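# Architecture and fold: a report
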Amino acid sequence: MTTTIHSLLEEFRQAATSKRDMGDKFERLFANYLVTDPLYKDKFSDVWLWTEWPGRGKQPDTGIDLVAKERSTGDYCANPMQVL
């Protein structure tokens, strides 16, 4: 059986305990995608969920889902999904 984005999202819907849980699952999927897909793995050296980013400190959730570190510059990019 071929796995598609649609089948993965359906699995997330069935396994999720809440909309927040489903969103967390999707964010983890996308973070993984950015460091494994051939088009993006050379662009980003690391990708974190906002809640797991070491530079977050004690800052509250500000609407940032992911933080990525650009491989070539070492700069950080918030919500890399929006700039791709």
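Treat the numbers as computed from the prediction; the structure is a model and nothing was measured.

Parameters and conventions
Residues take numbers from 1 onward in each chain, read along the sequence in its written order. Under the rules for a predicted model, residues below a pLDDT of 70 receive no local features and side-chain atom pairs below 80 are neither given nor counted, while totals for whole chains, interfaces and linings still include all residues. Neither water nor hydrogens contribute to the side-chain values; these are computed over all heavy atoms in the structure. Where helices and strands are cited, they refer to DSSP runs of H or I of at least four residues and of E of at least two residues respectively, numbered from the N terminus. Three labels apply to residues, based on accessible area from a 1.4 Å probe with only protein chains included: buried if under 20% of the type maximum, exposed if over 50%, partly exposed otherwise in between. Working rule for contacts: check all heavy atoms of both residues, and any pair within 4.5 Å makes them a contact. Note on areas: these come from Shrake-Rupley sampling with a 1.4 Å probe, and a residue is covered only by the protein chains present in the view. Charge counting follows a simple rule: Lys and Arg are positive, Asp and Glu are negative, and His as well as the terminal groups are ignored. For this purpose, a charge sits on NZ of Lys, CZ of Arg, CG of Asp or CD of Glu. Only strands that DSSP links by at least two bridges are regarded as paired with each other. To get an axis, fit a line to the C-alpha atoms, keeping to the stretch in contact for a helix; angles then go from 0 to 180 degrees between the N-to-C directions.

On to the overall build of the protein, then. Secondary structure assignment for the protein yields two helices and three strands. If you list the helices and strands of the protein from N to C, you get α-α-β-β-β. Looking at the protein as a whole, 29% of its 84 residues qualify as buried. In the protein, of all internal contacts separated by at least 6 residues, the share reaching a separation of at least 24 is 28%. Of the roughly 5900 Å² that the protein leaves accessible, carbon and sulfur atoms contribute 51%. The average position of the 11 basic charges and that of the 13 acidic charges among the side chains of the protein differ by 3 Å.

Once that is clear, we can look at the sheet that holds strand β2 (residues 66–70). Note: strands within a sheet are paired through backbone hydrogen bonds, in either parallel or antiparallel orientation. Ordered by their spatial adjacency, three strands build an open sheet running β1-β2-β3, and the pairing between neighbours is antiparallel. One side of each edge strand has no neighbouring strand; the edge strands of this open sheet are β1 (44–49) and β3 (76–78). Each adjacent strand pair in this sheet contributes to an overall mean axis angle of 20 degrees, direction not counted. Taken together, the three bridges between β2 and β3 define a ladder with antiparallel strand orientation. Along β3, the bridge assignment pairs V67 with A78. With respect to the sheet, helix α2 (residues 19–36) is in contact with β1 and β2, its orientation differing from that of β1 by roughly 175 degrees.

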